[in-house]
Amino acid sequence: RKNKIMSYEFVKSTLVSVAANSAVAAQTALNTAVLDMDGFDAVTFICKLNTVTDTSILTLTAYENTTSSTSNATAVTGGASTAVTASTSSNTIIVVDVIRPKMRYCFASLTRTVANCVVDSIIALQYRAREVPVTQPAAVIAAQLSTPEV
C-alpha cells in the first residue's frame with residue numbers, strides 16, 4: 001500500500017522543468033529544451049501565453065527523437081492548435097500530453113503565425129516515473145509534499 005500511495009505524490013513522482021523561457025512578441029517557432037524520457041512514461045507540455053494579438057494562430061506540437069536533438073524529429077501528436085483573439089487568448093495556456101512516446105527524447109514546439117504572441121514560458125511535467133522519488137532540477141527552488149493529519 002505504501003508504494004501505491006507514493007505513486008500519487010506529484011512532487012515525488014513528477015519531474016518539473018522550465019522547458020522554454022519567455023519569448024518576446026514574434027511570429028516564429030519556439031522550441032523547448034529536449035527532454036530525456038528515460039525513466040518516464042509520459043510528459044505534459046504547458047505553454048503559458050502572455051499578450052496574444054488578434055488573428056494569431058498558435059500550435060503546440062510534441063516531437064520525439066532517437067537523439068537529443070530537435071533535428072529530424074517526428075511529431076507525436078497532432079498538436080493543440082487554435083486561431084485566437086486577444087480578448088479571449090491573452091494570459092491563457094495551451095497543453096499537449098504525450099503518453100508512452102516511442103523514442104527516448106521529446107520536446108515541444110510552439111508555432112506562432114499570422115500575428116504576434118508573447119510567451120511567458122513552457123513548463124514540462126515528466127511523469128509516470130519508473131523510480132521514485134525523482135530528483136527535481138535546479139530550476140525548482142522549492143518543492144514540498146504536505147500531508148494533513150488524518
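Up top you'll find the structure we're talking about.
What you see is a predicted model, and the numbers here were worked out from it, not measured in a lab.

Asks: Where do I start with the overall build of the protein in this structure?
Replies: Scanning the protein from terminus to terminus reveals 3 helices and 11 strands. If you list the helices and strands of the protein from N to C, you get α-α-β-β-β-β-β-β-β-β-α-β-β-β. For the protein, the proportion of its 150 residues judged to be buried stands at 37%. Long-range pairs, those at least 24 residues apart, make up 83% of the contacts in the protein with a sequence separation of at least 6. For the protein, the computed accessible surface area is about 8600 Å², with 53% contributed by carbon and sulfur atoms.

Asks: Just to check I follow, could you spell out the pairing of strand β10 (residues 105–113) for this structure?
Replies: In the case of a regular strand, side chains alternate between the two sheet surfaces. By the criterion of burial, β10 is predominantly enclosed, with 7 of the 9 residues buried. Bridge count between strand β3 (residues 30–31) and β10: 2 bridges; the pairing is antiparallel. Residue pairing for β10: Asn31 is matched across the bridge by Ser109. Sheet topology note: the strand β4 (residues 35–36)/β10 ladder contains 2 bridges and is antiparallel. If you follow Leu35 over to β10, its bridge partner there is Cys106.

Asks: Whenever I open this one, the environment of Ala108 confuses me. Can you help?
Replies: Along the polypeptide, Ala108 turns up in strand β10. For Ala108 and Ala19, which are 89 residues apart along the polypeptide, the C-alpha to C-alpha distance reads 8.5 Å. When neighbours within four sequence positions are excluded, Ala108 is seen to be in contact with Leu30, Asn31, Thr32, Phe45, Leu60, Thr61 and Ala62.

Asks: Would you explain the nonpolar core in this entry?
Replies: It is characteristic of soluble globular proteins that their nonpolar side chains tend to be buried jointly. If you look at the biggest cluster of nonpolar residues, it comprises 28 residues, and the most contacted ones within it are Phe45, Leu60, Leu110 and Ile122. Those elements that place two or more of their residues in this core are β1 (15–20), β5 (40–52), β6 (57–65), β9 (93–99), β10 and β11 (117–129). The leading source of residues in this core is β5, at 6 residues. Every residue in contact with Leu110, bar those within four places of it in the chain, is listed here: Thr28, Ala29, Leu30, Cys47, Leu49, Leu58, Thr59, Leu60, Ile94, Val119 and Ile122.

Asks: Hey, could you run me through the side chain of Ser121 in this one?
Replies: Note that Ser121 resides in strand β11. Once you skip the residues sitting within four places of it in the chain, Ser121 turns out to touch Ala20, Asn21, Ile46, Cys47 and Lys48.

Asks: Can you walk me through the packing of aromatic side chains in this structure?
Replies: Applying the stated criterion across every chain, the model contains 1 aromatic pair. Note on Tyr63 and Phe107: the rings are 5.2 Å apart at their centroids and 15° apart in plane angle, and the pair reads as stacked. Of the two residues, Tyr63 is situated in strand β6 and Phe107 in strand β10; the sequence distance between them amounts to 44 residues.

Asks: Got a minute to help me understand unusual backbone geometry in this structure?
Replies: Among all residues save glycine, negative phi is the norm, and among peptide bonds the norm is trans. With an omega dihedral of 0°, the bond running from Val132 to Pro133 counts as a cis peptide bond. Mapped onto the elements, Pro133 comes out in the segment after β11. Backbone geometry places Val114, a non-glycine residue, at a positive phi of 70°. Summarising the element assignment, Val114 is placed in the loop between β10 and β11.

Asks: So what exactly am I meant to see when it comes to the environment of Phe10 here?
Replies: Inspection of the secondary structure puts Phe10 in helix α2 (residues 10–13). Taking the C-alpha atoms as reference, Phe10 lies 9.9 Å from Leu125; in sequence the two are 115 residues apart. Discounting chain neighbours no more than four positions away, the residues touching Phe10 are Val16 and Leu125.

Asks: Honestly, the pattern of salt bridges in this entry has me stumped. Any pointers?
Replies: A side chain with one charge may pair with a side chain of the opposite charge, provided their charged atoms come close. Under the defined criterion, the tally for this structure stands at 4 salt bridges. We note a salt bridge from Arg104 to Asp36, for which the minimum N-O separation is 2.7 Å. In this pair, Arg104 sits in the loop between β9 and β10 while Asp36 sits in strand β4, placing the two residues 68 residues apart along the sequence.

Rules and cut-offs
- Residues numbered from 1 in each chain as written.
- Predicted model: local features only at pLDDT ≥ 70, side-chain atom pairs only at ≥ 80, totals over all residues.
- Heavy atoms only, no water.
- Helix = DSSP H or I, 4+ residues; strand = E, 2+ residues; numbered from the N terminus.
- Buried < 20%, exposed > 50% of the residue type's maximum accessible area, 1.4 Å probe, protein only.
- Contact = heavy atoms within 4.5 Å.
- Areas by Shrake-Rupley, 256 points an atom, 1.4 Å probe, with all protein chains shown as cover.
- Pairing = 2+ DSSP bridges.
- Core = buried A, V, L, I, M, F, W, Y, C linked by side-chain atoms within 4.5 Å.
- Phe/Tyr/Trp six-rings, centres within 6.5 Å; stacked < 30°, edge-to-face > 60°.
- Salt bridge = Lys/Arg side-chain N within 4 Å of Asp/Glu carboxyl O.

So yeah, pure geometry; function would need other evidence.
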